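# Fold and geometry: a report
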Amino acid sequence: VANALQLLGHYDLVAADSETARHLRQARGMRSCTLENVRQRATSIYAPYAPLQFLRYWTELWRTYEDCMGGRACDVDREQHRLTTAAHMVAPRQKDP
C-alpha cells in the first residue's frame, strides 16, 4: 500500500516488506528486524522525517544500491545494475545525516 500511496503523493508511510526489512538489517544494523516487526521498526526510525518518511527511506535505499554498483545508477555500466538484487546485496551501514 505504501508504494502505491507514494505514487499519489503520500509520503508518510514506509513500505513494510522484505526489501525494507533487508535494508534495515544491513544498512541500519537492525539484525532483529523481521517481516513481523518491520512496520513498527520503520515507523520509529523514519518518524523524525514526517511527513516525508517514504522519501527519506527511498533516498537511503537508493544510496545503498548505488554504493553497491560503484556509482550513480545513471553513470555506471548497466551490467552493474544486477548488483542491486537481493542475491548480491551487501550494503554498508549508513550514518544519519
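Rules and cut-offs
- Residues numbered from 1 in each chain as written.
- Predicted model: local features only at pLDDT ≥ 70, side-chain atom pairs only at ≥ 80, totals over all residues.
- Heavy atoms only, no water.
- Axes fitted to C-alpha atoms, helices over the stretch in contact; angles between N-to-C directions.
- Helix = DSSP H or I, 4+ residues; strand = E, 2+ residues; numbered from the N terminus.
- Parallel < 35°, antiparallel > 145°, perpendicular 65-115°, else oblique.
- Left-handed = near helix turned anticlockwise from the far one by under 90°.
- Contact = heavy atoms within 4.5 Å.
- Nonpolar A, V, L, I, M, F, W, Y, C, P; charged D, E, K, R; others polar.
- Phe/Tyr/Trp six-rings, centres within 6.5 Å; stacked < 30°, edge-to-face > 60°.
- Buried < 20%, exposed > 50% of the residue type's maximum accessible area, 1.4 Å probe, protein only.

### Details of the packing of helix H2 (residues 18-26) against helix H3 (residues 38-46)
H3 packs onto H2 with a crossing angle of 60 degrees between their chain directions and a minimal axis gap of 10 Å. With respect to H3, the axis of H2 lies oblique. Between H2 and H3 lies a crossing of left-handed hand. Only Val38, Arg41, Ala42, Ile45 and Tyr46 of H3 make contact with H2, whose side of the interface consists of Thr20, Ala21, His23 and Leu24. Tallied by class, residues from the contact of H2 with H3 come to six nonpolar, two polar and one charged.

### Section: the packing of aromatic side chains
Throughout the structure, instances matching the rule amount to five aromatic pairs. Ring geometry for Phe54 and Tyr57: centres 6.1 Å apart, planes at 65 degrees, overall edge-to-face. You can see Phe54 and its partner Tyr57 sitting in helix H4 (residues 53-69), three residues apart, about one turn around the helix. You'll find Phe54 and Tyr57 in the same group, each marked buried. By way of ring pairs, the aromatic residues Tyr46, Tyr49, Phe54, Tyr57, Trp58 and Trp62 are connected into one cluster.

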